[in-house]
Amino acid sequence: MKFLLTRAKGSTKALAARLGVSRRTVERYRAGKLTTPQKRLQAALVEETESEWQPQVRAQARAHASTSRGMMVEVTAYFGFTCTGSSDDGRERQITTDISPTYVKQILELQEAGATDEDLHPIVAEAITESYFTEWGTRADGLRADFTSVSSISFRF
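How each quantity is defined
Residues numbered from 1 in each chain as written. Predicted model: local features only at pLDDT ≥ 70, side-chain atom pairs only at ≥ 80, totals over all residues. Heavy atoms only, no water. Helix = DSSP H or I, 4+ residues; strand = E, 2+ residues; numbered from the N terminus. Buried < 20%, exposed > 50% of the residue type's maximum accessible area, 1.4 Å probe, protein only. Contact = heavy atoms within 4.5 Å. Core = buried A, V, L, I, M, F, W, Y, C linked by side-chain atoms within 4.5 Å. Phe/Tyr/Trp six-rings, centres within 6.5 Å; stacked < 30°, edge-to-face > 60°. Bend = angle between axes of the 7 residues up to and from the residue. Axes fitted to C-alpha atoms, helices over the stretch in contact; angles between N-to-C directions. Parallel < 35°, antiparallel > 145°, perpendicular 65-115°, else oblique. Left-handed = near helix turned anticlockwise from the far one by under 90°. Nonpolar A, V, L, I, M, F, W, Y, C, P; charged D, E, K, R; others polar. pLDDT = per-residue confidence, 0-100.

**Q** Talk me through the overall build of the chain; I want residue IDs and the actual numbers.
**A** On a plain count of helices and strands, the chain comes out with 6 helices and 3 strands. Scanning the chain from its N terminus toward the C terminus, one meets helices and strands in the order α-α-α-α-β-β-α-α-β. The buried share of the chain, reckoned over its 157 residues, is 32%. Considering only contacts in the chain between residues 6 or more positions apart, those separated by 24 or more positions represent 58%.

Structural data, given as structure tokens:
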């Protein structure tokens, strides 16, 4: 929190206004004359820090996931299959699996463009098919999994 007070962008007056304190209070914290904020100021500092830093942290995680790491997807839905010789009937499943950076990039771009969850279903189904059902192309060649009746879908970096 001290970091916010010492490195905040903009003027001391603007920071004081955002935190709901006087300009002199901010100046005292920056000078090190005050070190322990009152509860109200501490809560305002936490809120301000989160609003300023979380978008940056989120953007870094998204960039890393779409270029090198991938991300985890958790889906509860009805999965149906199309494949010659498939013996696995479609049914509701809860699947948690990693998806490749290629699909992460597509999903994030669609989300940023305003895509709905329903718009994401085909690409997520393709990503899950690759990672979970065909194990990155090592089995079930030609399998295609579609999902419908999606109960939940979440992404984690």
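**Q** Could you give an account of the nonpolar core, naming the residues involved and the relevant values?
**A** Ranked by size, the top nonpolar core spans 22 residues in total, and within it F79, V124 and I128 carry the most contacts. Sorting the residues of this core by element identifies β1 (71-82), β2 (91-99), α5 (101-112), α6 (117-133) and β3 (144-156) as the ones contributing at least two each. It is α6 that contributes the most residues to this core, 7 residues altogether. Excluding anything up to four places from it in sequence, V124 contacts V73, V75, I107, F147, I153 and F155.

**Q** Tell me about the packing of aromatic side chains, and please be specific about residues and values.
**A** Per the counting criterion, the structure on display carries 3 aromatic pairs. Among the aromatic residues, those joined into a ring-pair cluster are F79, Y132, F133 and F147.

**Q** A description of α6 should follow, citing residues and the corresponding values.
**A** Of all the bends in α6, the largest measures some 30 degrees and sits at I123. Of all the residues in α6, the buried ones are L120, H121, I123, V124, A125, A127, I128, T129, S131 and F133. Remark: E135 follows α6 within two positions and exhibits a positive phi of approximately 45 degrees.

**Q** Let's hear about the environment of M72: which residues, and what values?
**A** Relative to the assigned elements, M72 resides in strand β1. According to the relative accessible area criterion, M72 is partly exposed, its value standing at 23%. Along the sequence, M72 and T96 sit 24 residues apart, while their C-alpha atoms lie 6.9 Å from each other. Excluding residues that lie within four positions of it along the chain, M72 makes contacts with T96, T97, D98, S154, F155 and R156.

**Q** Report on the packing of α5 against α6, specifying residues and quantitative values.
**A** The axes of two packed helices give the description: the angle between them and the distance between them. Where α5 meets α6, the axes come as close as 10 Å, and the angle between the chain directions of the two elements is 165 degrees. Between α5 and α6, the interaxial angle falls into the category roughly antiparallel. Seen from above, α5 lies across α6 with left-handed handedness. Between α5 and α6, the residues in contact are Y103, Q106, I107, L110 and Q111 and L120, I123, V124, E126, A127 and E130, respectively. In terms of residue class, the contact of α5 with α6 is made up of 7 nonpolar, 2 polar and 2 charged.

**Q** Can you explain the confidence of the model for the chain? Please cite residues and give values.
**A** Of the residues in the chain, 83% have a pLDDT of 70 or more, and the chain-wide mean is 79. No element of the chain has a lower mean pLDDT than helix α1 (residues 2-7), which averages 48, and none a higher one than α5, which averages 92.

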